[in-house]
Amino acid sequence: MKRSYAGSMDSWGARKKSPTSTYYYESKQTGEEPLTRIRDLFTCRYAYGRAAESVKLSEKGQDFLAFSLNEDVCRFVLCDGVGLSYRGDVASRLLGQGLMEWLENQEELSSASLERKLKELSHEADRELRDLSVDSATPKLLREVLEEKQRMGSEAMYICGRIELPTRFRRKGRLWLAWQGDSRVRLWHKQRELTSLFGDHFRTAERWSSRIGPVGGKPHVYSSRLDHESEYRLQLYSDGLNDLDAVMEHIPDEQVQVLMNALHTDGLEDDASFLEFMW
Amino acid sequence: MLFTMNYTIQASQRTPALIIYLIDISASMNMLMEDRRRIDVVYEALSLAIRQMVFRSTKGNRLTPRYRIAILAYSDDVYDLLNGIKGIDEIAAIGSLPDLTPKRFSDSAKAFLQAEKILQSEIPNMQDCPAPLVCHMTDGVSTGDDPEPIARRIMSMSVPDGNVLVENIFISDHLMNQPITEPRRWKGILTDTSLEDEHARKLKMMSSLLPESYREMLLEADYQLSPGALMMLPGTCSELVSIGFQMSAATPVR
C-alpha cells in the first residue's frame, strides 16, 4: 500500500513524482515488491519477497515491512512472523501496524513505553487470533495441532525505529532503534561499519508473542544523537536475505534484486524483506 | 558444492528430512513398563514424535511435507507398516499409526538391511536435504545376524549435510549402573559412559554422535543433553523412551 510521496522514485528505471510530502509503504504480504529506490532528504531502498513455497501456493508472506518518510523524520518497522507459531503472517502484520502507529504518535520513544505498547498489542492480537477458526474439514491430527498452536499464540520478531535528522529547529537529530529476534540491522558511517554498537543481542529465542508480549527478555534499545554529518547508511533485512551478512560494502540495486529473485535456488527459501536508509 | 557436514540443513518442503524407524516387535515387548506393555509405551512415544513433526511442519493452516517417514517393524521378518516412505502430510491425513503387535523373535539385522536398501535408493535424490536418520528401538538381544556391520555401513553413507545418523533406544532395566532419576536433567550417554549390558555396549557402537543442531532443538524442549552425547537412550522409563523418539524428530526446521 503506497499512500503518498514527495520525492523521486526509481523502481527498475521507472520514476514517478507525487505532490504531497509524505511517503508511506506497507508490504501487502500477498505479493512481491521489487527493489525500489526513493530519493529525498533520505535515500531509501526497499524490497519484499515471499518464499518460493508461499508464492507457489498463493500464501501470505510472514514478513511485514512498513516505513514512512516525512520530511526530516522517518519511521520504520520490519517484522518476521515465526513460522512455527500459529499464523505468523497475522502476528507480523498486527505487530508491525501497531508499532508504526506507536512510532507515529509517541513523542518521546523509550524502552518502558515500547514495552507497554508490546503488551497492549498482545491483548489486541490475542483477541483477533482467537477469532480465527480452523477449518472443520482439516484432518483430526492437524486440527489438534493447529488448535494447540492457537492456544500458544502467534509470534513475530521485529526491528523498529525512528530517525530524526537535525534541522533548524532541532539542533541534534536522533537515531532510535528497538528489536527482539534475529533480523538484521546494520549501520555504516562514511563506509565504516558501526554495527557492533548494537551489541551481540540478535537472538532467535527473543520475539513478541500475541499471548504474553515480549518473550525471552526485554526489547533491546539503541539510541544516539545525530549531528549534521552525512554519509550514514542504516540497513535492515530479515533472515531470508542472510546472504547479505557477509557483504560489508554498498550493494548495487541490481545485486539486491538478484538476491531477492534467488534464481540459484529456484526462488527464495524464506520470506525476505530489505530496507535501507541513507542520509 | 560445499560439504558442510554439520547437520544444519533445515527440513523444508523442498528439502524434507527422511526418518526410518526400526521397531522391535518381539514377544518381550509384551512385558510391562510402568504398568503398561512396552509396545504400548513405544506406540505412544512414536505417535508423540509424529505429532511433533506435524507441529514443526505447519505453516499457516497448511501442513508442509517437511518430513518423510518409513516405519519398519521387525520380528523374525520385517513389516513395512506404511508401505514405503510417506510424507508427514499423508500420515496426518490417515490420523493414526498402524498397530504394533508383538510377534516372536528379534532379527534386527534384517531390519537394518532393509533400511540400508531404502537409503541406497533415496540418498542420490537427497543431496540438498538434511542427513537421513535411522531410529532403532529394541528391548533385547538380536536373534539373527550381527546388525553392527550393517549399521556401520549405514553410518558411513552421507549427504553434504552429514553422515546418516543412527539412533538407538534400548528398553532395559539393567543398562546403567546408576538410575536416571531426572530425565530432563540427564546428560546422556557419552563415549566413556560404562554400560552394564553387553548388548547395550554393542548398540552404543552403533550410535551416532548427537549433532549440535539436534542438541539445541532438545535444549529448547528443556532436555539437558551435554555436548558429546551419543544418540542412544536407555529406555528405563516411558519419559526416556519419549525423549528418544523426540530426538529422532529434532531435525532443524525453518
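Residues numbered from 1 in each chain as written. Chains lettered and ligands numbered in written order. Predicted model: local features only at pLDDT ≥ 70, side-chain atom pairs only at ≥ 80, totals over all residues. Heavy atoms only, no water.

**Section: the overall build of chain B**
For step 1, the next point in the chain: Looking only at helices and strands, chain B has seven helices and 13 strands in total.
For step 2, the next point in the chain: Its C-alpha atoms give chain B a radius of gyration of 17 Å, within 12% of the compact-globule value 18 Å for 254 residues.
For step 3, the next point in the chain: Within chain B, contacts between residues separated by at least 24 positions form 77% of all contacts whose residues are at least 6 apart in sequence.
For step 4, the next point in the chain: For chain B, the exposed area adds up to about 10200 Å²; of that, 51% sits on carbon and sulfur atoms.
For step 5, the next point in the chain: When the 25 positive and 32 negative side-chain charges of chain B are each reduced to one mean point, those points stand 5 Å apart. (Helix = DSSP H or I, 4+ residues; strand = E, 2+ residues; numbered from the N terminus. Rg over C-alpha atoms; globule rule 2.2 N^0.38 Å. Contact = heavy atoms within 4.5 Å. Areas by Shrake-Rupley, 256 points an atom, 1.4 Å probe, with all protein chains shown as cover. Lys, Arg positive; Asp, Glu negative; His and termini not counted. Charge placed at Lys NZ, Arg CZ, Asp CG, Glu CD.)

**Quick look at the overall build of chain A**
For step 1, the next point in the chain: Along chain A, the regular secondary structure elements total five helices and 16 strands.
For step 2, the next point in the chain: A globule of 279 residues ought to have a C-alpha radius of gyration of about 19 Å, and chain A, at 19 Å, matches this closely.
For step 3, the next point in the chain: In terms of overall dimensions, chain A has C-alpha extents of about 60 × 45 × 40 Å along its principal axes.
For step 4, the next point in the chain: Across the 279 residues of chain A, 57% fall into the buried class.
For step 5, the next point in the chain: Of the roughly 12600 Å² that chain A leaves accessible, carbon and sulfur atoms contribute 48%.
For step 6, the next point in the chain: With 40 positive and 46 negative side-chain charges, chain A shows a spacing of 4 Å between the two charge centroids. (Buried < 20%, exposed > 50% of the residue type's maximum accessible area, 1.4 Å probe, protein only.)

**Focus on the pattern of salt bridges**
Residues and elements named next belong to chain A.
For step 1, the next point in the chain: Applying the stated criterion across every chain yields a total of 36 salt bridges over all chains.
For step 2, the next point in the chain: Of the charged contacts, one joins Arg50 and Glu32 as a salt bridge, the two residues approaching to 2.9 Å between their closest N and O atoms. Remark: Glu32 occurs in the loop between strand S3 (22–26) and strand S4 (33–39) and Arg50 occurs in the loop between strand S5 (43–49) and helix H1 (52–56); sequence separation between them is 18 residues.
For step 3, the next point in the chain: Since its relative accessible area comes to 9%, Arg50 is described here as buried. (Salt bridge = Lys/Arg side-chain N within 4 Å of Asp/Glu carboxyl O.)

**Description of the environment of Lys202 of chain B**
Residue and element names in this part refer to chain B.
For step 1, the next point in the chain: The topology assignment puts Lys202 in helix H5 (residues 198–205).
For step 2, the next point in the chain: Judged by its relative accessible area of 25%, Lys202 falls in the partly exposed class.
For step 3, the next point in the chain: On a C-alpha basis, the gap between Lys202 and Ile25 in space is 19 Å, while along the polypeptide they are 177 residues apart.
For step 4, the next point in the chain: If sequence neighbours within four positions are ignored, Lys202 has contacts with Asp146 and Glu148.

**Re helix H7 (residues 238–248) of chain B**
For step 1, the next point in the chain: Of all 11 residues in H7 of chain B, 10 are buried, a share of seventy percent or more.
For step 2, the next point in the chain: Those residues of H7 of chain B that fall on the buried side of the exposure criterion are Ser238, Leu240, Val241, Ser242, Ile243, Gly244, Phe245, Gln246, Met247 and Ser248 of chain B.

**A few points about the interface of chain A and chain B**
For step 1, the next point in the chain: With 27 residues of chain A at the contact, the number on the chain B side is 20 residues.
For step 2, the next point in the chain: Taken together, the two surfaces of chain A and chain B that pack against each other cover about 2200 Å², and 52% of this comes from carbon and sulfur.
For step 3, the next point in the chain: Three residues, Glu53, Leu84 and Leu141 of chain A, lead the burial of chain A against chain B; their summed loss comes to 29% of the area buried on that side.
For step 4, the next point in the chain: Summed over the shared surface of chain A and chain B, the number is four salt bridges.
For step 5, the next point in the chain: Its salt-bridge partner being Glu144 of chain A, residue Arg51 of chain B comes within 3.0 Å of it at the nearest N-O pair.
For step 6, the next point in the chain: For the interface between chain A and chain B, the tally reads nine residue pairs in polar contact (both at pLDDT 80 or more).
For step 7, the next point in the chain: Sort the elements by how many residues they give to the side of chain A that touches chain B and helix H4 (residues 140–152) of chain A lands first, with eight residues. (Buried area = accessible area lost by both parts, 1.4 Å probe. Polar contact = N/O pair within 3.5 Å; in protein donor to acceptor, adjacent residues only side chain to side chain.)

**Brief notes about the packing of aromatic side chains**
Residues and elements named next belong to chain A.
For step 1, the next point in the chain: With the rule as written, the count across this model stands at 15 aromatic pairs over all chains.
For step 2, the next point in the chain: Each ring, one from Tyr25 and one from Phe67, has its centre 5.8 Å from the other, and the planes form 35°; the classification is tilted. Of the two residues, Tyr25 sits in strand S3 while Phe67 sits in strand S6 (residues 63–70), which places them 42 residues apart along the sequence.
For step 3, the next point in the chain: By relative accessible area, which is 0% here, Phe67 ends up buried.
For step 4, the next point in the chain: Plain terms: the ring middles of Phe76 and Phe277 are 5.2 Å apart, the flat faces sit at 40° to each other, and that makes the pair tilted. Here Phe76 is found in strand S7 (residues 73–81), whereas its partner Phe277 is found in strand S16 (residues 272–278), with 201 residues between them in sequence.
For step 5, the next point in the chain: By relative accessible area, Phe76 is classed as buried at 0%. (Phe/Tyr/Trp six-rings, centres within 6.5 Å; stacked < 30°, edge-to-face > 60°.)

**What about unusual backbone geometry?**
For step 1, the next point in the chain: If you check the backbone angles, Lys190 of chain A has positive phi at about 50° while not being a glycine.
For step 2, the next point in the chain: Relative to the helices and strands, Lys190 of chain A resides in the loop between strand S10 (184–189) and strand S11 (192–193).
For step 3, the next point in the chain: Overall, Lys190 of chain A belongs to the partly exposed group, its relative accessible area being 46%.
For step 4, the next point in the chain: Backbone geometry places Tyr7 of chain B, a non-glycine residue, at a positive phi of 55°.
For step 5, the next point in the chain: Relative to the elements of secondary structure, Tyr7 of chain B occurs in the segment before strand S1 (17–24).

**A short note on the confidence of the model for chain B**
For step 1, the next point in the chain: On average, chain B scores 90 in pLDDT, and the residues at 70 or more come to 98%.
For step 2, the next point in the chain: Interface predicted TM-score (ipTM) for the complex: 0.82; the corresponding pTM is 0.81. (pLDDT = per-residue confidence, 0-100.)

**Details of the nonpolar core**
Across soluble globular proteins, nonpolar side chains have a tendency to be buried as a group.
For step 1, the next point in the chain: Ranked by size, the top nonpolar core spans 122 residues in total, and within it Ile20, Tyr21, Ile23, Met53, Ile69, Ile154 and Phe245 of chain B carry the most contacts.
For step 2, the next point in the chain: Those residues within four positions of Ile154 of chain B in sequence are excluded, and the remaining contacts are Phe112, Ala115, Glu116, Leu119, Val134, Val164 and Val166 of chain B.
For step 3, the next point in the chain: In this structure, Tyr23, Phe67, Cys74 and Leu194 of chain A belong to the second largest nonpolar core, which totals 31 residues. (Core = buried A, V, L, I, M, F, W, Y, C linked by side-chain atoms within 4.5 Å.)

**Observations regarding the packing of helix H3 (residues 108–122) of chain B against helix H4 (residues 148–156) of chain B**
All names here are of chain B.
For step 1, the next point in the chain: One way to put it is that H3 packs onto H4 with a least axis distance of 9 Å and a crossing angle of 20°. When the axis of H3 is compared with that of H4, the two are roughly parallel. Classified by chirality, the crossing of H4 by H3 is left-handed. Across the interface between the two elements, Ala109, Phe112, Leu113, Ala115, Glu116 and Leu119 of H3 pack against Ile150, Ala151, Arg153 and Ile154 of H4.
For step 2, the next point in the chain: Across the contact of H3 with H4, the residue classes break down as eight nonpolar, no polar and two charged. (Axes fitted to C-alpha atoms, helices over the stretch in contact; angles between N-to-C directions. Parallel < 35°, antiparallel > 145°, perpendicular 65-115°, else oblique. Left-handed = near helix turned anticlockwise from the far one by under 90°. Nonpolar A, V, L, I, M, F, W, Y, C, P; charged D, E, K, R; others polar.)

**Considerations on the packing of helix H2 (residues 88–105) of chain A against helix H3 (residues 111–131) of chain A**
All names here are of chain A.
For step 1, the next point in the chain: Running from N to C, H2 and H3 cross one another at 140°; their axes reach a closest spacing of 10 Å. Regarding the angle of H2 to H3, the classification is oblique. The handedness of the crossing between H2 and H3 is right-handed. Residues Val90, Arg93, Leu94, Leu95, Gly98, Leu99, Glu101 and Trp102 of H2 pack against Ser113, Leu114, Lys117, Leu118, Leu121, Ala125, Glu128 and Leu129 of H3.

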